[in-house]
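In case you want the letters, here they are:
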Amino acid sequence: MGTSKDNSFPFWVAWISLGLALVLFFANTVPALRERDGLREVDRELADLRHRYEDAIRQRHVGAGHASEYDLQSLLVAIDQLGFTPRELCEAYPPADDEAASSQPR
């Protein structure tokens with residue numbers, strides 16, 4: 001009836017199936033882990049770029065940064081936030097006598 005040779009067939013099929021399942025698992029998992037790490041790095045770079053972009057926009061709006069001396073728009077916005085026009089601001093805060101003398105042509 002049943003010999004030990006007949007019982008070994010399902011044993012070997014189970015081991016081969018397990019081996020094939022492990023190969024398929026690791027063949028698909030390792031590249032997925034590498035891709036996940038790559039996506040995390042890209043996400044970090046994107047967050048850094050977004051942070052730098054928002055800082056640049058914020059500096060541009062307040063007139064700070066490397067082009068602050070050329071940013072007249074932010075100066076006008078600041079004057080407007082005080083509730084003045086440029087002319088009203090100049091009338092409300094006239095220059096001091098020594099500043100007026102140095103700004104007049106000779």
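Bear in mind that the values here come from a model prediction, so they are computed numbers and not experimental data.

## Here we look at the overall build of the protein chain
Broken down by element type, the protein chain carries four helices and zero strands. What you see in the protein chain, going N to C, is helices and strands ordered as α-α-α-α. In the protein chain, which comprises 106 residues, the share counted as buried stands at 4%. As displayed, the protein chain has an accessible area near 9900 Å², and 62% of this comes from carbon and sulfur atoms.

## Focus: the pattern of salt bridges
In this structure the tally under the stated criterion is three salt bridges. In this structure, the salt-bridge partner of Arg44 is Glu41, at a minimum N-O distance of 2.5 Å. On the criterion of helical spacing, the pair formed by Arg44 and Glu41 is a turn pair, its members being three residues apart in helix 1 (residues 4-62). Asp48 is the partner of Arg52 in a salt bridge, and the nearest nitrogen-oxygen pair spans 3.6 Å. A residue pair is termed a helical-turn pair when its members lie 3 or 4 positions apart in one helix, as Arg52 and Asp48 do in helix 1 at four residues.

## Focus on a nonpolar patch on the surface
Residues Phe11, Trp12, Trp15, Ile16, Leu18, Leu22, Phe25, Phe26 and Val30 make up a contiguous nonpolar surface patch of about 980 Å² in total accessible area. On the secondary structure map, Phe26 appears in helix 1.

## A short note on the packing of aromatic side chains
Evaluation of the coordinates by the stated rule reveals four aromatic pairs. Between the aromatic rings of Phe84 and Tyr93, the centroid separation amounts to 6.4 Å while the plane-to-plane angle is 80°, which identifies the pairing as edge-to-face. Judged by its relative accessible area of 26%, Phe84 is partly exposed. For Tyr93, a relative accessible area of 57% gives the class exposed. An aromatic cluster is present here, built from Phe11, Trp12 and Trp15 joined pairwise through their rings.

## Describing the confidence of the model for the protein chain
Across the protein chain, the average pLDDT comes to 81, with 74% of residues at or above 70. Per-element mean pLDDT across the protein chain ranges from 59 in helix 4 (residues 97-103) up to 89 in helix 3 (residues 86-92).

Conventions adopted
Numbers given for residues are sequential positions, taken from 1 along each chain in its written order. Local features in this predicted model are restricted to residues whose pLDDT is 70 or higher, and side-chain atom pairs enter the listing and the counts only when it is 80 or higher, whereas totals over whole chains, interfaces and linings include all residues. Values shown for side chains rest on all heavy atoms present in the structure; no hydrogens or waters enter the calculation. Numbering of helices and strands runs from the N terminus, with a helix taken as a DSSP run of H or I at least four residues long and a strand as a DSSP run of E at least two residues long. The classification of residues rests on relative accessible area computed with a 1.4 Å probe and restricted to protein chains. Under 20% of the type maximum is buried, over 50% is exposed, and intermediate values are partly exposed. All accessible-area figures derive from a Shrake-Rupley calculation using a 1.4 Å probe, and residue coverage is judged against the displayed protein chains alone. Note on definitions: salt bridges are taken to be side-chain nitrogens of Lys or Arg within 4 Å of carboxyl oxygens of Asp or Glu. What goes into a patch is any residue over 30% in relative accessible area without a salt bridge, connected to like charges within 9 Å or, for nonpolar side chains (Val, Leu, Ile, Met, Phe, Trp, Tyr), within 5 Å. Centre distance within 6.5 Å is the pairing criterion for rings of Phe, Tyr and Trp, where only the six-membered ring of Trp is used; planes under 30 degrees apart are then read as stacked, over 60 as edge-to-face, and the remainder as tilted. Scored from 0 to 100, pLDDT reflects the predictor's confidence in each residue.

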